[in-house]
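Below are the chains, spelled out letter by letter.
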Amino acid sequence: MAEPLFQQLEKLQQEFRGHPPVAQWNPDLCGDMDLVIQADGHWIHEGSEIKRHPLVKLFASILKREGRHYYLVTPVEKWRIRVEDVPFLVTQAAREGDQVLLTTNTGDVVPLDKSHPLILKPFGDPPLPIPYIEVRAGLEGRMSRDVYYQLIDWAEPREPQEPPARLCQLWLKSNGEEFLLGEY
């Protein structure tokens, strides 16, 4: 199933620069594909990790979220896949002046800004606040531990301004916005 889809995707990739317009594609559901995006960023197809990074990037380019489900879509096919947490893992951070840029495991480069805010959400058991960012069109990426520590290194500690916060807070500035990284 993956190889014919790969050939179709290669053709689409040649037609579109950047990401294909998946929001405009609404074919009927073809079924469920045995593809899982694990919480650690690995893509598993039929029990084996996809090691061909170009194939992962290609699949990521046609990923779409509808409600709580994720799909790989083309103009004529739609396959539901499983995502354990979110589809992307932020693996690198770079800063120049007041701008922070984040890179995902699939090569998307996203500015930390008003359109792509950092959000702390509970994950795991017990639930702990984990930083996420919207990568594109409702698709989120979770910060890797290394990236989160890098952001903390760049952050500014502050006393809380409003109750009920009683702890010191860490704030990061990027593109004229401020983002809460956590409290200690």
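Residues numbered from 1 in each chain as written. Predicted model: local features only at pLDDT ≥ 70, side-chain atom pairs only at ≥ 80, totals over all residues. Heavy atoms only, no water.

Novice: Sorry if this is basic, but what is going on with the overall build of the protein here?
Specialist: Assigned secondary structure in the protein consists of 3 helices and 15 strands. For the protein, buried positions account for 45% of its 184 residues. The contacts in the protein between residues at least 6 apart in sequence include a share of 52% that link residues at least 24 apart. When the accessible surface of the protein is split by element, carbon and sulfur atoms take 49% of a total near 10500 Å². (Helix = DSSP H or I, 4+ residues; strand = E, 2+ residues; numbered from the N terminus. Buried < 20%, exposed > 50% of the residue type's maximum accessible area, 1.4 Å probe, protein only. Contact = heavy atoms within 4.5 Å. Areas by Shrake-Rupley, 256 points an atom, 1.4 Å probe, with all protein chains shown as cover.)

Novice: I keep staring at the pairing of strand β7 (residues 88–96) and nothing clicks. Help me out?
Specialist: For a regular strand, side chains alternate in direction, first toward one face of the sheet and then toward the other. Two strands pair when backbone bridges link them, and β7 and strand β12 (residues 139–143) are joined in this way by 3 bridges, in the parallel orientation. Each residue of the ladder has a partner; that of V90, found in β12, is M143. With 6 bridges joining them, β7 and strand β8 (residues 99–104) adopt antiparallel strand pairing. Residue pairing in the sheet places V90 in a bridge with T104 of β8. The antiparallel pairing of β7 with β8 creates a hairpin that spans 2 residues between the two strands, and G97 there sits at a positive phi of about 60°. (Pairing = 2+ DSSP bridges.)

Novice: How should the side chain of T106 be read in this particular structure?
Specialist: Counting through the fold element by element, T106 comes out in the loop between β8 and β9 (109–111). Polar contacts involving the side chain of T106 include one to the side chain of D108, which spans 3.1 Å. (Polar contact = N/O pair within 3.5 Å; in protein donor to acceptor, adjacent residues only side chain to side chain.)

Novice: Looking at this structure, how should I read the pattern of salt bridges?
Specialist: Should the charged atoms of two oppositely charged side chains come close, the side chains can pair. The final tally for this structure, using the stated rule, is 10 salt bridges. Ionic pairing is found between R82 and E84, a salt bridge with its closest N-O pair at 4.0 Å. Between R158 and E178 there is a salt bridge whose closest N-O contact spans 2.5 Å. One end of the pair, R158, is in strand β13 (residues 156–158); the other, E178, is in strand β15 (residues 177–183), and 20 residues separate them in sequence. (Salt bridge = Lys/Arg side-chain N within 4 Å of Asp/Glu carboxyl O.)

Novice: Help me understand the sheet that holds strand β2 (residues 43–45), please; the structure alone is not making it clear to me.
Specialist: Backbone-to-backbone hydrogen bonds pair the strands of a sheet. The strands run either parallel or antiparallel. Within the open sheet, the 6 strands sit side by side as β3-β2-β1-β6-β5-β4. Their pairing is mixed. A strand with exactly one partner marks an edge of an open sheet, and here the two such strands are β3 (48–49) and β4 (63–66). When strand β1 (residues 31–37) meets β2, the two strands line up antiparallel, connected through 3 bridges. When the sheet's bridge partners are listed, I37 is paired in β2 with W43.

Novice: Looking at this model, I keep getting lost on helix α3 (residues 145–154). Mind explaining?
Specialist: Structural remark: α-helix, 3.6 residues per turn; residues separated by three or four positions point the same way. Those residues of α3 lying buried are V147, Y148, L151 and W154. Down the axis, α3 shows its buried residues gathered within 120° of arc, on one side only. Across from the buried face of α3, at angles greater than 90 degrees, the exposed residues are R145, D146 and D153. (Arc of directions from axis to C-beta.)

Novice: Teacher, can you tell me more about the pairing of β15 here?
Specialist: When strand β14 (residues 169–174) meets β15, the two strands line up antiparallel, connected through 6 bridges. Looking at the pairing, L170 lines up with G182 of β15. What sits between the antiparallel neighbours β14 and β15 is a turn of 2 residues, in which N175 has the positive phi angle 50°.

Novice: Would you mind showing me how to read the environment of F179 here?
Specialist: Considering the arrangement of structural elements, one finds F179 in strand β15. For F179, a relative accessible area of 6% gives the class buried. Separated by 65 residues in sequence, F179 and K114 place their C-alpha atoms 9.6 Å apart. Ignoring any residue separated from it by four or fewer positions in sequence, one finds F179 in contact with L112, D113, P117, L118, L170, W171, L172 and S174.

Novice: Where do I start with the sheet that holds β13 in this structure?
Specialist: Pairing within the open sheet is antiparallel, and its 3 strands lie in the order β13-β14-β15. Each edge of the open sheet carries a strand with a single partner, namely β13 and β15. This sheet shows a mean twist of 35° between the axes of neighbouring strands, independent of strand direction. In the packing of α3 onto the sheet, the strands contacted are β13, β14 and β15, and the crossing angle to β15 comes to about 110°. (Axes fitted to C-alpha atoms, helices over the stretch in contact; angles between N-to-C directions.)

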